[in-house]
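Working through the structure, step by step
One letter stands for each residue in the lines below.
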Amino acid sequence: MPNVSAFERLPCRPQAKVTVFVEDDPVEMQAHDSAAAAVLAAGLLPSRTTPADESPRAPYCLMGVCFECLVEIDGTPNQQGCMIAVRDGMRIRRQCGARDMHGEGPHGDA
């Protein structure tokens, strides 16, 4: 699947490529990119909803301040996507609603 984002990568030195899976769709990224960048490249918007009223959210500051980039990475919820570098085979999923302390979703699913 080609990346569907309106974001255009600026020229830089070539980096190793990795494939991550955003909502099970493969997305090719450079090894220094963040998981939040992969979410944006895949066009996954919103990337999460808030626990209180399920308002849509997406990566915003991309420097670890706003926490709008929370996603599930490799089965672990509440990960700040902007602070985690992609790895080959990484699985990134949308995070919807509240999570409990055991990583279960709002409907008891993992």
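Before reading on, note that the structure itself is shown above.
Attention here is on the structure that accompanies the text. Keep in mind the model is a prediction, meaning the values are calculated, not measured.

**Quick notes on the pairing of strand β1 (residues 17-22)**
- Side chains V18, V20 and V22 of β1 all project onto a buried face; the interleaved residues K17, T19 and F21 project onto a face where none is buried.
- Examined bridge by bridge, β1 and strand β2 (residues 25-30) share 6 bridges and lie antiparallel to one another. In the strand pairing of β2, T19 is matched with E28.
- Linking two consecutive strands that pair antiparallel, namely β1 and β2, is a turn of 2 residues; a positive phi of about 50° is found at E23 within it.
- With 2 bridges joining them, β1 and strand β7 (residues 91-93) adopt parallel strand pairing. Of the residues in β7, the one forming a bridge with V22 is I92.

**Some points on the sheet that holds β2**
- Ordered in space as β2-β1-β7-β5-β6, the 5 strands form an open sheet in which the pairing is mixed. The open sheet has two free edges, formed respectively by β2 and β6 (76-80), since each of these has just one partner strand. Across the sheet, the mean angle separating the axes of adjacent strands is 40° when strand polarity is ignored.
- Running at roughly 125° to β2, helix α1 (residues 35-42) makes contact with β1, β2, β5 (70-73) and β7 of the sheet.

**Considering the pattern of salt bridges**
- Going through the model one piece at a time under the given rule, you end up with 6 salt bridges.
- A salt bridge links E68 to R48; the nearest nitrogen and oxygen atoms lie 2.9 Å apart. Of this pair, E68 sits in the loop between β4 (56-57) and β5 while R48 is found in strand β3 (residues 48-49), placing the two residues 20 residues apart along the sequence.
- The class of E68 is buried, set by a relative accessible area of 19%.
- Residue R57 is joined to E68 by a salt bridge in which the shortest nitrogen-to-oxygen separation is 3.2 Å. With R57 in strand β4 and E68 in the loop between β4 and β5, this residue pair connects regions lying 11 residues apart in the sequence.
- Among the ionic contacts, a cluster of salt bridges with common partners joins E23, D24, R91 and R93.

What counts, and where the lines are drawn
- Residues numbered from 1 in each chain as written.
- Predicted model: local features only at pLDDT ≥ 70, side-chain atom pairs only at ≥ 80, totals over all residues.
- Heavy atoms only, no water.
- Buried < 20%, exposed > 50% of the residue type's maximum accessible area, 1.4 Å probe, protein only.
- Helix = DSSP H or I, 4+ residues; strand = E, 2+ residues; numbered from the N terminus.
- Pairing = 2+ DSSP bridges.
- Axes fitted to C-alpha atoms, helices over the stretch in contact; angles between N-to-C directions.
- Contact = heavy atoms within 4.5 Å.
- Salt bridge = Lys/Arg side-chain N within 4 Å of Asp/Glu carboxyl O.

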